[in-house]
Amino acid sequence: MTQTTLLQYEAPWPVHAIDWCKSPSPGHQSRPRSAFRLAIASFTEDYRNRIAVVGLQDERVLVEDDYTDYPDFVTLVEANHGYPATNLQWQPATATGFPWTGKSPSTELLATTSDALRVWEYSGDAPLASSAYVGRQPSGGGHRLTLKTGLSGQSKVQNQASGAPLTSFSWNEKSPNLIVTSSIDTTCTVWNIDTATAITQLIAHDREVYDVAWLPGSTDIFVSVGADGSLRAFDLRSLEHSTILYETPAPKNAPPASTASRLPTSPLLRIAFNPTDSNYMSTFHMDGTDVQILDMRSPGQPVIELRGHRSQVNAMGWSTTDRPLLATASDDCQVLLWDLAAYTQSATSPRAANARLNSPRPDVKKRVVSDPIMAYSASSEVTNLAWSPQIPGMTMNTGHTTAPGEWLAITGGKSIKALKV
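What you are looking at is a predicted structure, and each value in this text was computed from that prediction instead of being measured.

*Asks:* Help me get a handle on the overall build of the protein, residues and values and all.
*Replies:* Across its full length, the protein holds one helix and 31 strands. Taking all 421 residues of the protein together, 54% fall into the buried category. Sequence-distant contacts, at least 24 apart, represent 56% of the contacts inside the protein between residues at least 6 apart. When the accessible surface of the protein is summed, it comes to about 18700 Å², and 52% of that surface belongs to carbon and sulfur atoms.

*Asks:* I'd like a description of the side chain of His285, backed by residues and values.
*Replies:* Turning to its location among the elements, His285 is positioned in strand β19 (residues 280–285). Of note is the side chain of His285, whose polar atom sits 3.5 Å from the side chain of Tyr246. Beyond its immediate stretch of four places on either side in the chain, His285 contacts Tyr246, Thr248, Ser266, Pro267, Leu268, Leu269 and Gln292.

*Asks:* Any details on the pattern of salt bridges? Residues and values, ideally.
*Replies:* Evaluation of the coordinates by the stated rule reveals 15 salt bridges. One salt bridge connects Asp290 with Arg307, and the closest N-O pair in it is separated by 3.6 Å. Within this pair, whereas Asp290 is found in strand β20 (residues 290–295), its partner Arg307 is found in strand β21 (residues 304–307), the two being separated by 17 residues in sequence. Residue Arg307 is classed as partly exposed on the basis of its relative accessible area of 37%. Each of the salt bridges in this network shares a partner with another, and the network as a whole consists of Asp290, Glu305, Arg307 and Lys366.

*Asks:* So what about the environment of Leu337? Which residues, and what values?
*Replies:* In this fold, Leu337 is placed in strand β24 (residues 334–339). Using a relative accessible area of 3% as the deciding quantity, one classes Leu337 as buried. Excluding its chain neighbours within four sequence positions, the residues that come into contact with Leu337 are Leu325, Leu326, Ala327, Pro372, Ile373, Met374, Trp387 and Val421.

*Asks:* An account of the side chain of Ser182 is requested, with residue identities and associated values reported.
*Replies:* With respect to the secondary-structure elements, Ser182 resides in strand β11 (residues 178–183). At 2.8 Å, the side chain of Ser182 forms a polar contact with the side chain of Thr167. The contacts of Ser182, once residues within four sequence positions are left out, are Leu166, Thr167, Ser168, Thr187, Cys188, Val209, Tyr210, Asp211 and Val212.

*Asks:* Talk me through the sheet that holds strand β30 (residues 407–412); I want residue IDs and the actual numbers.
*Replies:* Pairing within the open sheet is antiparallel, and its four strands lie in the order β1-β31-β30-β27. Both outer strands of the open sheet, β1 (6–10) and β27 (384–387), are each paired with one neighbouring strand and no more. Taken pair by pair, the neighbouring strands of this sheet meet at an average axis angle of 15 degrees, ignoring direction. Strand direction decides the pairing type here: β27 and β30, joined by four bridges, are antiparallel. Among the inter-strand pairings, Leu385 is bridged to a residue of β30, identified as Ile410.

*Asks:* Any details on the pairing of β20? Residues and values, ideally.
*Replies:* A large share of β20 lies buried, amounting to five of its six residues. Of the strand pairs in this sheet, β19 and β20 are connected by four bridges, and their pairing is antiparallel. Note on β20: the bridge partner recorded for Tyr280 is Asp295. What sits between β19 and β20 in their antiparallel hairpin is a turn of four residues, with Asp287 showing a positive phi close to 65 degrees. Note: β20 against β21, four bridges, orientation antiparallel. Along β21, the bridge assignment pairs Ile293 with Ile304.

*Asks:* How would you explain the confidence of the model for the protein if you had to name every residue and give the values?
*Replies:* Scored by pLDDT, the protein comes out at a mean of 86, with 82% of its residues at no less than 70. Taken as a whole, residues 127–140 scores under 50 in pLDDT and shows 15 contacts with residues more than four places along the chain or in a different chain.

Cut-offs used in this document
- Within any chain, residue numbers begin from 1 and follow the written order of that chain's sequence.
- For this predicted model, a pLDDT threshold of at least 70 governs which residues receive local features, and a threshold of 80 or more governs which side-chain atom pairs are given and counted, while totals over whole chains, interfaces and linings are taken from all residues.
- Where side-chain values are given, they derive from all heavy atoms of the structure, hydrogens and water being excluded.
- Secondary structure counts use DSSP, requiring at least four H or I residues in a row for a helix and at least two E residues in a row for a strand, with both numbered from the N terminus.
- Type-normalised accessible area, obtained with a 1.4 Å probe on protein chains alone, sets the label of each residue: buried when under 20%, exposed when over 50%, and partly exposed for intermediate values.
- Only heavy atoms enter the contact rule, under which two residues are in contact if any of them lie within 4.5 Å.
- Residue burial considers only the protein chains on display, and all accessible areas are found by Shrake-Rupley using a 1.4 Å probe.
- Pairs of N or O atoms within 3.5 Å make up the polar contacts considered here, provided that, within protein, one atom can donate a hydrogen while the other can accept it, and that residues adjacent in sequence are counted only when both atoms are side-chain atoms.
- Note on definitions: salt bridges are taken to be side-chain nitrogens of Lys or Arg within 4 Å of carboxyl oxygens of Asp or Glu.
- By definition, two strands form a pair when at least two bridges between them are found by DSSP.
- Throughout, an axis means a line fitted to C-alpha atoms (over the contacting stretch in the case of helices), and angles, computed between N-to-C directions, take values from 0 to 180 degrees.
- Confidence scores labelled pLDDT are given residue by residue by the predictor and lie between 0 and 100.

Okay, here's the thing in structure tokens:
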């Protein structure tokens with residue numbers, strides 16, 4: 001029996017934002033195939049953008065059909081989005097047990113950012129027991145994607161009456177009613193999406209904020225990166241100050257700055273925590289080919305630098321396994337997978353209370369790592385990526401099987417490929 005290690009989908013439009021569902025659909029927990037659902041968003045320079053949920057084809061096709069004519073994924077449902085979504089995420093896995101006030105237990109939430117933070121409600125098929133018909137399902141097949149709330153607040157910044165465009169957001173796993181957004185107006189805003197209210201807004205950076213991330217396990221601390229080249233940490237319990245964890249060095253040939261302005265620095269575009277050891281974060285610079293790994297306990301400079309790409313890095317993401325695996329994607333058409341276990345903690349000790357003893361000390365020099373454990377060459381620039389959760393193995397209707405474990409979805413142009421890691 002053949003094992004499938006690559007699944008493909010061709011979207012009707014260029015894809016930018018992408019995320020893999022964090023848990024099986026309600027009512028389908030015993031069916032691994034319901035974990036193969038992606039949310040994707042288009043990128044076109046107009047007000048006609050779309051978001052869509054795509055899922056495996058084999059539920060939709062008659063058994064006697066010739067499978068070679070079909071893509072692995074099909075569109076389950078789509079919706080208008082207006083401006084392109086700068087970020088798109090499924091609800092955290094913890095959201096299924098959260099006491100929502102206005103959401104049915106049988107639906108799932110998605111969120112997007114662009115000119116506003118939008119929360120969408122997605123309902124998939126009813127459980128199979130209630131489907132009496134055979135063969136192709138009617139179009140739509142019971143999938144619905146509806147806008148639940150649109151949140152855009154007043155801006156703290158002068159001359160800005162309505163909320164400025166949002167660049168990204170982070171969904172809190174411990175309290176899935178909390179989302180923090182980042183904006184080009186230098187602010188970050190913490191929202192309660194259950195009550196559709198802004199909890200707080202703060203001026204976070206000197207210039208545009210490009211990305212934001214909650215500290216795993218915390219409902220108070222988040223970090224952000226921006227055009228001023230700094231990585232900052234904020235604590236909602238003491239908002240009067242922030243902590244600068246890292247600032248990009250000034251370019252070597254930079255002209256001397258006047259006393260009034262700061263030295264030009266290279267903007268930081270993305271920030272992501274290692275979900276299994278939240279001491280470690282990854283970031284990269286605009287137009288940069290390297291990825292910096294920072295340790296919250298020894299701020300100021302990276303403890304590891306990953307050098308493997310030959311063109312600008314576009315995206316990165318940590319796996320959710322206990323091993324610290326980081327995937328990076330670039331304009332060089334490569335996706336590289338880095339195993340940082342040997343550099344972040346001793347391989348013998350499990351992650352535990354003593355894990356911090358095995359971490360690089362502040363006086364340890366930066367390690368440069370240039371040997372990824374896996375490289376995948378795509379046919380075009382890779383613009384984004386998303387990890388799946390752990391998915392059990394299964395047999396598809398084609399007779400192909402999939403091995404248990406994680407998958408990595410990558411985007412480039414209109415193409416999406418899911419790679420078995």
